[in-house]
Amino acid sequence: MSVKKTSTPLSVAAQLDTAENLCRERGKRLTPIRRKVLEILLEQGRSVKAYELLDEIRRVQPGAAPPTVYRALDFLIEEGLIHRLDAVNAWSACLDAGGQPHDLLVICTNCGAVAEFSDPALSRQLARKVATAGFVLANHETELRALCNACHAQAHASGEPLHGHSHRH
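Read on for an overview of the structure. (Residues numbered from 1 in each chain as written. Predicted model: local features only at pLDDT ≥ 70, side-chain atom pairs only at ≥ 80, totals over all residues. Heavy atoms only, no water.)

Quick notes on the pairing of strand S3 (residues 90–93)
Which entries qualify depends on this criterion: Summary of the burial criterion: residues with accessible area below 20% of their type's maximum are buried, those above 50% are exposed, and those between are partly exposed, where the area comes from a 1.4 Å probe applied to protein chains only. The helix count covers DSSP runs of H or I at least four residues long, the strand count covers runs of E at least two residues long, and both are numbered beginning at the N terminus. Only strands that DSSP links by at least two bridges are regarded as paired with each other.
Across the two faces of S3 the burial is the same, with Ala90 and Ser92 and Trp91 and Ala93 all buried. Looking at chain direction, strand S2 (residues 82–85) and S3 are connected through four bridges and run antiparallel. Across the sheet, residue leucine 85 finds its bridge partner in S3, namely alanine 90. Here S2 folds back onto S3, and the loop between the two strands holds four residues, one of which, asparagine 89, carries a positive phi near 50°.

Below, the structure written as structure tokens:
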């Protein structure tokens with residue numbers, strides 16, 4: 001199993017270059033708005049909600065409308081450059097778009113941090129379990145909701161509940 005960590009600020013330019021090259025090789029174009037959306041996600045190093053993205057885009061393109069941002073997000077998802085994170089209703093940059101595929105995403109439901117994993121054996125096992133229940137996985141990526149170590153420690157120290165439901169029977 002391999003784990004990808006969040007990007008460092010020094011690697012953002014290299015990751016943007018990789019994205020540009022991948023798009024060019026596929027006959028696609030990383031337009032300025034698409035590039036800016038990807039750059040914001042790379043710089044944030046965590047999941048980002050649509051309204052946050054729109055606010056950031058409007059700093060450089062004041063008239064940007066939501067459909068513009070959503071079209072850019074759709075393109076970036078199609079090209080495998082970002083992830084749509086249903087668990088937190090947000091997006092994050094794919095930290096290894098030009099490298100090995102990954103099939104598990106762990107998302108901190110508190111701060112939005114994201115970790116990418118590749119564990120084909122675990123994914124096959126999960127697919128078999130899903131099949132025995134009479135279903136077929138609709139997506140090759142599985143999202144896991146979690147708390148990162150920092151958020152877990154903070155919640156534990158403050159006495160906050162670590163999850164929002166009870167297990168009473």
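So much for the structure itself; the text now carries on.
Regarding the environment of glutamate 39
Residue placement: glutamate 39 occurs in helix H2 (residues 32–44). Spatially, the C-alpha atom of glutamate 39 lies 8.7 Å from that of glutamine 15, the residues being 24 residues apart in sequence.

Focus: the nonpolar core
Going by this rule: What is meant by a nonpolar core is a set of buried Ala, Val, Leu, Ile, Met, Phe, Trp, Tyr and Cys residues, joined one to another through side-chain atoms within 4.5 Å. Two residues qualify as a contact provided that any one of their heavy atoms is within 4.5 Å of a heavy atom in the partner residue.
If you look at the biggest cluster of nonpolar residues, it comprises 27 residues, and the most contacted ones within it are Val37, Leu38, Leu41, Leu53, Leu73, Leu76 and Leu81. A per-element tally of this core places H2 first, with six residues. Excluding residues that lie within four positions of it along the chain, leucine 76 makes contacts with Leu30, Arg34, Val37, Leu38, Leu81 and Ile82. Ala87, Val88, Ile107 and Val114 belong to the second-largest nonpolar core, a separate cluster that totals seven residues.

Description of the pairing of strand S4 (residues 104–108)
Counting buried positions along S4 yields four of five residues, so the element is predominantly enclosed. Here four bridges tie S4 to strand S5 (residues 114–118), and the two strands are oriented antiparallel to one another. Among the inter-strand pairings, isoleucine 107 is bridged to a residue of S5, identified as valine 114. Between S4 and the antiparallel strand that follows it, S5, lie five residues; glycine 112 among them carries a positive phi value of about 90°. With five bridges joining them, S4 and strand S6 (residues 142–146) adopt parallel strand pairing. Residue pairing in the sheet places cysteine 108 in a bridge with alanine 146 of S6.

So, unusual backbone geometry
Outside of glycine, negative phi angles account for most residues, and trans bonds account for most peptide bonds. At asparagine 89, a position not held by glycine, the phi torsion is positive, near 50°. Within the secondary structure layout, asparagine 89 lies in the loop between S2 and S3. What makes asparagine 89 partly exposed here is its relative accessible area of 45%.

Thoughts on the packing of H2 against helix H3 (residues 50–60)
Defined as follows: Here, axes are lines fitted to C-alpha atoms. For helices the fit covers the stretch in contact, and angles between N-to-C directions go from 0 to 180 degrees. Roughly parallel means an angle under 35 degrees; roughly antiparallel, over 145; roughly perpendicular, 65 to 115; everything else is oblique. Left-handed describes a crossing whose near helix is turned anticlockwise from the far helix by less than a right angle; the clockwise case is right-handed. The classification used treats Ala, Val, Leu, Ile, Met, Phe, Trp, Tyr, Cys and Pro as nonpolar, Asp, Glu, Lys and Arg as charged, and all other residues, Gly among them, as polar.
Remark: H2 packs on H3, axes separated minimally by 10 Å, with the N-to-C direction vectors making an angle of 125°. One way to sum up the angle between H2 and H3 is to call them oblique. The two elements H2 and H3 meet at a crossing, and its hand is right-handed. Residue-level contacts link Ile33, Lys36, Val37, Ile40 and Leu41 of H2 to Leu53, Glu56, Ile57 and Val60 of H3. The residue makeup of the contact of H2 with H3, split by class, is seven nonpolar, no polar and two charged.

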